[in-house]
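This is what each chain is made of:
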Amino acid sequence: MKPLRRPVRRSILVVHVAASVGWLGLTVGLLSLSLAAFLTHDATMAGAATRAMKVFGDWLVVPVALLSLVSGLVLALGTSWGLARHRWVWTKFWLTLITAGLSVFALRPGIDEAAARGTVDIDLVIAPSVATATYLFVTAISVLKPWGPTRRGRRLRQAPGSARRPAGRG
């Protein structure tokens with residue numbers, strides 16, 4: 001892929017950060033609602049919480065997850081960070097892909113079932129808990145950029161004419 005120009009890269013970076021932070025916030029909201037529904041002894045409260053979760057699941061989970069995944073992929077492929085040059089980028093990509101898939105194929109159906117019943121079981125508390133922990137981990141590695149280059153990244157660095165410092169910091 002052709003390298004992104006600075007204004008385009010920065011715009012996509014803003015979209016990516018906003019979508020990723022939104023996904024984290026959405027997951028914390030789902031966790032709060034699932035805990036409220038799971039822990040309450042009030043059927044009305046549990047029903048309201050599961051209906052609110054359904055709104056999040058129906059309207060926000062998939063678009064936000066996909067926007068985070070696609071914008072991150074465009075940034076990886078359109079900058080010298082690359083997708084498979086640095087272990088942190090590679091790890092972040094796979095964790096995002098897995099959690100986006102789980103959001104679409106496991107979380108949403110679980111929310112739909114809970115909303116139909118008006119109650120939440122422990123699985124719907126665990127899922128957003130694990131997702132929140134995963135997104136916090138992905139955020140940490142995005143900031144800290146640990147682990148160094150992959151084997152491919154080391155090979156590309158040693159190749160003549162390769163960039164010494166990845167673009168994307170400015």
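Cut-offs and rules
- Residues numbered from 1 in each chain as written.
- Predicted model: local features only at pLDDT ≥ 70, side-chain atom pairs only at ≥ 80, totals over all residues.
- Heavy atoms only, no water.
- Patch = residues over 30% accessible without salt bridge, like charges linked within 9 Å, V, L, I, M, F, W, Y side chains within 5 Å.
- Areas by Shrake-Rupley, 256 points an atom, 1.4 Å probe, with all protein chains shown as cover.
- Salt bridge = Lys/Arg side-chain N within 4 Å of Asp/Glu carboxyl O.
- Lys, Arg positive; Asp, Glu negative; His and termini not counted.
- Charge placed at Lys NZ, Arg CZ, Asp CG, Glu CD.
- Helix = DSSP H or I, 4+ residues; strand = E, 2+ residues; numbered from the N terminus.
- Buried < 20%, exposed > 50% of the residue type's maximum accessible area, 1.4 Å probe, protein only.
- Axes fitted to C-alpha atoms, helices over the stretch in contact; angles between N-to-C directions.
- Parallel < 35°, antiparallel > 145°, perpendicular 65-115°, else oblique.
- Left-handed = near helix turned anticlockwise from the far one by under 90°.
- Contact = heavy atoms within 4.5 Å.
- Nonpolar A, V, L, I, M, F, W, Y, C, P; charged D, E, K, R; others polar.
- Polar contact = N/O pair within 3.5 Å; in protein donor to acceptor, adjacent residues only side chain to side chain.
- Phe/Tyr/Trp six-rings, centres within 6.5 Å; stacked < 30°, edge-to-face > 60°.
- Lys NZ or Arg CZ within 6 Å of the ring centre and 35° of its normal.
- 1 Å grid on protein atoms, 1.4 Å probe; cavity = no way out; pocket = protein on both sides within 12 Å on 5 of 7 lines; lining within 4 Å.
- Points joined across faces, edges and corners; volume = space filled by probe spheres on them.

Caption draft 1: Up close: a positive patch on the surface. Together, Arg87, Arg151, Arg152, Arg154 and Arg155 give the surface a local cluster of positive charge. In terms of residue count, the dominant contributor to the positive patch is helix α5 (residues 151-158) (four residues). Structurally, Arg155 can be placed in helix α5. For Arg155, a relative accessible area of 53% translates into the label exposed.

Caption draft 2: Focus on the packing of helix α1 (residues 6-39) against helix α3 (residues 87-117). For the pair α1 and α3, interaxial distance at closest approach is 13 Å and the crossing angle is 40 degrees. Taken together, α1 and α3 sit at an angle that is classed as oblique. Crossing of α1 over α3 shows left-handed handedness. On α3, the residues touching His16, Trp23 and Leu30 of α1 are Lys92, Thr96, Thr99, Ala100, Ser103, Leu107 and Ile111. Grouping the constituent residues of the contact of α1 with α3 by class yields five nonpolar, four polar and one charged.

Caption draft 3: Seen up close, the side chain of Ser34. With respect to the secondary-structure elements, Ser34 resides in helix α1. Under the relative-accessibility criterion, Ser34 is labelled buried at 0%. Of the polar contacts made by the side chain of Ser34, one reaches the backbone oxygen of Leu31; its length is 2.9 Å. For Ser34, the residues in contact, after removing those within four places along its chain, are Met53, Val120, Leu124, Val125 and Pro128.

Caption draft 4: How the structure looks around the packing of aromatic side chains. On inspection of all chains with the given rule, the structure shows six aromatic pairs. Ring geometry for Trp90 against Phe93: centres 6.1 Å apart, planes inclined by 25 degrees, an arrangement best described as stacked. Of this pair, Trp90 and Phe93 both sit in helix α3, separated by three residues, roughly a single helical turn. Centroid distance Phe93 to Trp94: 5.2 Å. Interplanar angle 70 degrees. Geometry classified as edge-to-face. Among the aromatic side chains, those forming a connected cluster through ring pairs are Trp90, Phe93 and Trp94. Cation over ring: Lys145 sits above Trp88, and NZ or CZ is 4.8 Å from the ring centre.

Caption draft 5: Local environment of the environment of Arg87. Turning to its location among the elements, Arg87 is positioned in helix α3. Each C-alpha atom of the pair Arg87 and Gly148 lies 6.2 Å from the other, and the pair is 61 residues apart in sequence.

Caption draft 6: Structural detail: the layout of surface pockets. Put simply, the largest pocket is a space of about 740 Å³. For the largest pocket, the lining is made up of 32 residues, of which Leu13, His16, Trp88, Lys92 and Ser142 are closest to its centre. Elements with a contribution of two residues or more to the lining of the largest pocket: α1, α2 (43-78), α3 and α4 (123-144). It is α1 that provides the largest number of residues to the lining of the largest pocket, a total of eight residues. Its residues placed into classes, the lining of the largest pocket shows 18 nonpolar, ten polar and four charged. A volume near 250 Å³ is recorded for the second largest pocket.

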